[in-house]
Amino acid sequence: MTLGAMEGTIEITATRTSAEQHCIEPNCGARFGINERLYVCSQCGGLLDIERTTEDDAETLRTVWQARLASFDPRDRSGVWRYRELLPFTESAPIVSLAEGNTPLYDAPRSARYCGLAALRLKHQGLNPTGSFKDTGMTVAVTQARILGARTVVCASTGNTAASLAAYAARAELQCAILVPSGQITNAKLAQSLDYGAAVLELEGNFDDAMRVIRELTEDESIYLVNSINPFRIEGQKTVAFELMQQCGWRVPDHVVVPGGNLGNSAAFGKGFKELFDLGIIDRLPQLTIVQAEGAAPLAHLFSDSDGGRFTADSLLPDARQLAPVKYPNTLATAIKIGAPVSWKKALRAVLWTGGRVLSVSEDEIADAKAIIGRDGIGCEPASATTVAGIKQMIQKNLIEREETVVAVLTGHVLKDADYAINYHRQNLYTHDSESLPGEMRRIEGNYSNPPASVKATKAAILEYLKREQPQQ
Ligand code: F0G
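Trainee: Could you clarify how one ought to interpret the overall build of the protein in this entry?
Mentor: When its secondary structure is counted, the protein shows 15 helices and 17 strands. For the C-alpha atoms alone, the extent of the protein along its principal axes is close to 70 × 50 × 50 Å. Of all 473 residues assigned to the protein, the portion counted as buried reaches 49%. In the protein, the proportion of contacts linking residues at least 24 apart, taken out of those at least 6 apart, comes to 71%.

Trainee: Looking at this model, I keep getting lost on the sheet that holds strand S11 (residues 223-225). Mind explaining?
Mentor: The strands that make up a sheet are held in pairs by hydrogen bonds between backbone atoms, and each pair lies either parallel or antiparallel. Sheet architecture is open: four strands sit in the order S10-S9-S8-S11, paired in parallel fashion. Of all the strands in the sheet, the pair left with one neighbour each is strand S10 (199-203) and S11. Strand-to-strand, the axes of this sheet are offset by a mean angle of 25°, without reference to chain direction. Pairing of strand S9 (residues 175-181) with S10 involves five bridges; the strand directions are parallel.

Trainee: Could you clarify how one ought to interpret unusual backbone geometry in this entry?
Mentor: With glycine set apart, most residues show a phi of negative sign, and most peptide bonds adopt trans. Even without a glycine there, the phi angle at Asn102 is positive, about 55°. Note that Asn102 resides in the loop between helix H2 (74-77) and strand S6 (105-107). Judged by local crowding, Asn102 falls into the partly exposed class, with 15 C-beta atoms found within 10 Å. Of note, Trp250 is a non-glycine position whose phi angle comes to about 65°, a positive value. As for its placement among the helices and strands, Trp250 is situated in the loop between helix H8 (231-247) and strand S12 (255-259).

Trainee: What is the right way to look at the site of the ligand in this model?
Mentor: By nearness alone, 23 residues border the ligand, and Ser157, Gly261, Asn262, Thr411 and Gly412 come closest of all. Only helix H5 (160-172), helix H9 (264-278) and helix H13 (382-396) provide two or more residues apiece to the shell around the ligand. Of the residues contributing to the shell around the ligand, the split by class is five nonpolar, 16 polar and two charged.

Trainee: What am I meant to see in the pairing of strand S8 (residues 152-156) here?
Mentor: Both faces of the sheet carry side chains from a regular strand, because those side chains alternate between them. In terms of residue burial, S8 counts as a mostly covered element, since four of its five residues are buried. With five bridges connecting them, S8 and S9 associate as parallel partners. Note on S9: the bridge partner recorded for Ala156 is Leu179. Crossover S8 to S9 through H5 is right-handed. Alignment of S8 against S11, held across three bridges, turns out to be parallel. What sits directly across from Val154, in S11, is Leu225.

Scoring rules and cut-offs
Residues numbered from 1 in each chain as written. Predicted model: local features only at pLDDT ≥ 70, side-chain atom pairs only at ≥ 80, totals over all residues. Helix = DSSP H or I, 4+ residues; strand = E, 2+ residues; numbered from the N terminus. Buried ≥ 20, exposed ≤ 12 C-beta atoms within 10 Å, placed from the backbone. Contact = placed C-beta atoms within 7 Å. Pairing = 2+ DSSP bridges. Axes fitted to C-alpha atoms, helices over the stretch in contact; angles between N-to-C directions. Near = placed C-beta within 6 Å. Nonpolar A, V, L, I, M, F, W, Y, C, P; charged D, E, K, R; others polar. Right-handed = clockwise from strand over helix to strand, strands pointing away.

Note that all results are geometric; they support no functional claim without further evidence.
Dropping the structure here:
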């Protein structure tokens, strides 16, 4: 790789590298060409990983990635393609980008106090072009769809993958079909997908049913599936680990905490951290903790008998590694209402690599944590708030020390689910969970609710109101 000035931008000549796909199952390990259209191993059905070799050393990569922050090359303006030495493409790839990534790492003092930490940082992936972390994977998967000459791109989704795919497919001028569980995705996500011109197919059943149907659809050659079972999605999403570490000045935090649904995101973080570590770009791995919603927590169930959500050596027996799907997943955090997560083996691997944990949190914990993240002036959608709720739980159980360095990853924008926020603040948020009476909905008590007030349209009434209602700490 060389670094030189060209027309005011940084021009990089990448070292020749090679990439291939391989099966992650230890007993199989079959290898495939990078442009073979596969989603799972054609020999054993296992998940696929993309392996890329680079001849660049750690120092060169860090220097080039740093220099690109000041570049105007569109590839460098993307927080994904900036790290292209570790992506499985040639220099001439027909990139489909919306300048994704580049998301802020905020200090969140109120959330830190709420959890009992000295400090907490929030990496806000909800500030991507379509309002969720999915964009970092979609730019890569839709680029690969173009390379493969696909005509139609499809996904099953709880809403965010759909909105993201719809946008990137529109940019690439590809037909796009999204399969969503009818009545179970938020209006904002539905509105985005419609606006970006996707064919929105509302299916009976839940996300897991939509996922099952879509895998059958991909037997058709002209259709390309971009759910996170597709390893190119994971390649894009792993760059969030790169961007995060760069923002931390390559000083590795003790803990990184992510929400878990279909478990592609946690799989991608694990792969990203491991690649940086193997290249010598970081000198240790952060502990990766995955937090699921109690009613949709199949991976957490696998860990629950072990020490505080950590997998112990005893629990590594082969039988202990079979995930029991949750047949009727249930949570108001609709983004992660998933009972049979496709990438669970990769997520499990990530937790084991990093010595992390898997936990679950209740609906009440999610709701209050979300309100607190709002009070930091940041906000997020419900699924993202599992992270802060999980951190609070870990502090209470002495699994994290007050002075440790912690980053929580927020995955979706606060406006992705405005109804949830309004219902919470009006004390009108109802759930049906293990605490509810049979056949009845239970109201979630909003401990940090901030309802709108009716005030007379006079100066005196407004001043009187402001005097009475001192800002809450
Ligand atoms: N947070 C948000 C906001 C999400 O939309 C999702 C997943 C997750 C967390 C969980 O990430 O699946 O990689 O473990 N949403 C998918 C979708 C399933 O279809 O939009 P994961």
